[in-house]
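Descriptive structure summary
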Amino acid sequence: MNGTPYTGTGTVTVTLDGTNQTATLPLAAGTIGPSVADIRKLYSDLGIFTFDPGYGGTAACESKITYIDGDAGVLLYRGYPIEQLAEHSNFLEVAYLLLNGELPDAAQMAEFDRGVLRHTMLHEQLRSFFNGFRRDAHPMAVLCGVVGAMSAFYHDSLDINDPDHRRISAFRLIAKVPTIAAWAYKYAIGQPFVYPRNSLGYAENLLYMMHAVPAEEYHVNPVLARALDLILVLHADHEQNASTSTVRLAGSTGANPFACIAAGIASLWGPAHGGANEAVLKMLAEIGHARHIPEFIEKVKDKNSNVRLMGFGHRVYKNYDPRAKIMQHTCHEVLRELGIKDDPLLDLAVELEHVALHDDYFVSRKLYPNVDFYSGIILKAMGFPTSMFTVLFAVARTVGWVSQWMEMVEDPSQRIGRPRQLYTGAPQRDYRPLDARG
Ligand code: ACO
């Protein structure tokens, strides 16, 4: 659709019952996946809106970045299956792919690596910004605030109509968000901020900034760095999810990229989205022991309890989340590397998954483990506190948000996002003075 007329594949005709009014809606086909009915003229032709709370049946934009087949459990970045990227690629190569559409050659990759790794330091004045937060602030609150504040520090890359500004902002965000994330953690635990080291890889640097202290040598464990890099790859993008749609909606007004990504971070925070990895660990701790699983499952199935099996279910996947499979495998690898033979949390998670996958409640609703079911266990074993889990998700997803924001800004058909509503409030009525009411 991108401004130029798309190739139609047919039409859908909508007739308003009891009238002879009809609207003929063009159908457009993507490369793969279901076709979409272009409803843009429905209101002008028939005077009606469509109603789709939660957007379960609405394509809000055209995109070439990520494809999901939720029934088959398929996830593709720019056409490449997530399993292949997880096995053979790395986070910065995936970042290049998401941003540019193609895998880089060696020279392009080296230039991209340099571009990202050269921007890892923060403006020194941003450092004092952290002191304004309470020490016990959630690091997501700090991340959201400091990323939003970047627009007050990097004035030279705020013109969204200038491709160079967009490119520099993209590098700055991808490079600096890990530094902000690590410093949010250091601030919370009262340790000195550790400056980035550009000789380290992306995930290595993040581990270094989080876990090193000036008083001691710190050597990054390559197995853990690879595992973290893999987690970043798996979380890098995921089509038009809540936080990405938030970034696009904020961006559709012409807001600067730092403000848009801060909006995405806020949206990611909720337990139904990126906050689920933290919620999974809280849930496992609450269950405590495998013998309590049946009782917990009963609570989940009780509609009045409001308890959900965290890390299970997904708006799009009605099959095993392909990322969850990879995550489960990595979980075992990381625990082995760390010499953890029996992790009670992992044992509990495996048992819980087994019970749920054989329970008709979950089977009939097609509820399977999602990416967050195992990620928390890995991150905990790697020494990250639970409050940092969603922050690490945000670090990875920044690349997806930036890619989607870029695509949107470059789309000539882009308009401000402005949904309509089904109004069910009071009809028009006249104001009555206070003494005339009651
Ligand atoms: N536990 C128990 N029941 C569930 C769960 C769950 N985790 N997820 C869905 N259901 C049930 C619902 O109660 C509903 O049952 P009903 O038909 O009897 O009313 C049915 O399954 C459909 O659920 P919806 O809420 O309509 O599914 P929706 O697509 O809106 O929600 C969501 C998806 C938010 C992810 C949901 O599955 C959930 O809350 N999961 C737990 C939180 C979680 O793990 N989030 C991470 C998502 S992945 C990510 O953001 C990286």
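How each quantity is defined
Residues numbered from 1 in each chain as written. Predicted model: local features only at pLDDT ≥ 70, side-chain atom pairs only at ≥ 80, totals over all residues. Heavy atoms only, no water. Helix = DSSP H or I, 4+ residues; strand = E, 2+ residues; numbered from the N terminus. Rg over C-alpha atoms; globule rule 2.2 N^0.38 Å. Buried < 20%, exposed > 50% of the residue type's maximum accessible area, 1.4 Å probe, protein only. Contact = heavy atoms within 4.5 Å. Areas by Shrake-Rupley, 256 points an atom, 1.4 Å probe, with all protein chains shown as cover. Lys, Arg positive; Asp, Glu negative; His and termini not counted. Charge placed at Lys NZ, Arg CZ, Asp CG, Glu CD. Core = buried A, V, L, I, M, F, W, Y, C linked by side-chain atoms within 4.5 Å. Pairing = 2+ DSSP bridges. pLDDT = per-residue confidence, 0-100. Expected span 1.5 Å × (residues − 1). Axes fitted to C-alpha atoms, helices over the stretch in contact; angles between N-to-C directions. Parallel < 35°, antiparallel > 145°, perpendicular 65-115°, else oblique. Left-handed = near helix turned anticlockwise from the far one by under 90°. Nonpolar A, V, L, I, M, F, W, Y, C, P; charged D, E, K, R; others polar.

1. Overview of the overall build of the protein chain
When helices and strands are tallied, the protein chain shows 18 helices and six strands. Rg of the C-alpha trace for the protein chain: 24 Å, near the compact-globule value of 22 Å for 438 residues, within the 12% margin. The dimensions of the protein chain, computed from C-alpha atoms along their principal axes, are 80 × 65 × 60 Å. Per-residue burial over the protein chain gives 45% buried out of 438 residues. At a minimum sequence separation of 6, the contacts of the protein chain that also span at least 24 residues come to 69%. For the protein chain, the exposed surface amounts to about 22200 Å²; the carbon and sulfur share of it is 52%. In the protein chain, the 39 positive side-chain charges and the 47 negative ones have mean positions that sit 6 Å from each other.

2. Details of the nonpolar core
Residues Leu 143, Val 147, Met 283, Leu 284 and Leu 352 are the most contacted members of the largest nonpolar core, which totals 124 residues. Element by element, the count of residues in this core is highest for helix 18 (residues 389-410), at 14 residues. Once you skip the residues sitting within four places of it in the chain, Val 147 turns out to touch Leu 173, Val 177, Ile 180, Phe 258, Ile 261, Ala 262 and Ile 265.

3. With respect to the sheet that holds strand 1 (residues 8-15)
Read from one edge of the open sheet, three strands run 1-2-3, paired in antiparallel fashion. Looking at which strands have only one partner, the edges of the open sheet turn out to be strand 1 and strand 3 (36-37). Sheet topology places strand 1 next to strand 2 (residues 22-28); seven bridges connect them, and they run antiparallel. Note on strand 2: the bridge partner recorded for Val 14 is Ala 23.

4. Points about the confidence of the model for the protein chain
Caution is warranted with low-pLDDT regions, since their predicted coordinates should not be read in detail. The share of residues in the protein chain with pLDDT of 70 or more is 98%, and the mean pLDDT across the chain is 94. Note on residues 1-5: pLDDT is under 50 here. Beyond four places in sequence and across chains, it has 14 contacts.

5. Section: helix 12 (residues 276-287)
Side chains that are three or four residues apart share a direction in an α-helix, a result of its 3.6 residues per turn. Relative to the 16 Å expected for twelve residues at 1.5 Å per residue, helix 12 spans 16 Å between its end C-alpha atoms, a close match to the ideal helical length. For helix 12, a buried count of nine out of twelve residues is recorded, marking the element as mostly surrounded by other parts of the structure. When we look at burial in helix 12, the residues that qualify are Ala 276, Asn 277, Glu 278, Ala 279, Val 280, Leu 281, Met 283, Leu 284 and Ile 287. Where helix 12 is buried, its residues touch helix 13 (293-301), helix 15 (344-357), helix 17 (372-381) and helix 18. Positioned one or two residues after helix 12, Gly 288 has a phi angle of 80 degrees, which is positive.

6. A few points about the packing of helix 13 against helix 15
Contact geometry for helix 13 and helix 15: axes closest at 11 Å, N-to-C directions at 55 degrees. As far as their axial angle goes, helix 15 and helix 13 are oblique. Where helix 13 crosses over helix 15, the two elements pack in a sense that is right-handed. Along the contact surface, helix 13 presents Ile 293, Phe 296 and Ile 297, while helix 15 presents Leu 348, Glu 351, Leu 352 and Val 355. For the contact of helix 13 with helix 15, the per-class residue count stands at six nonpolar, no polar and one charged.

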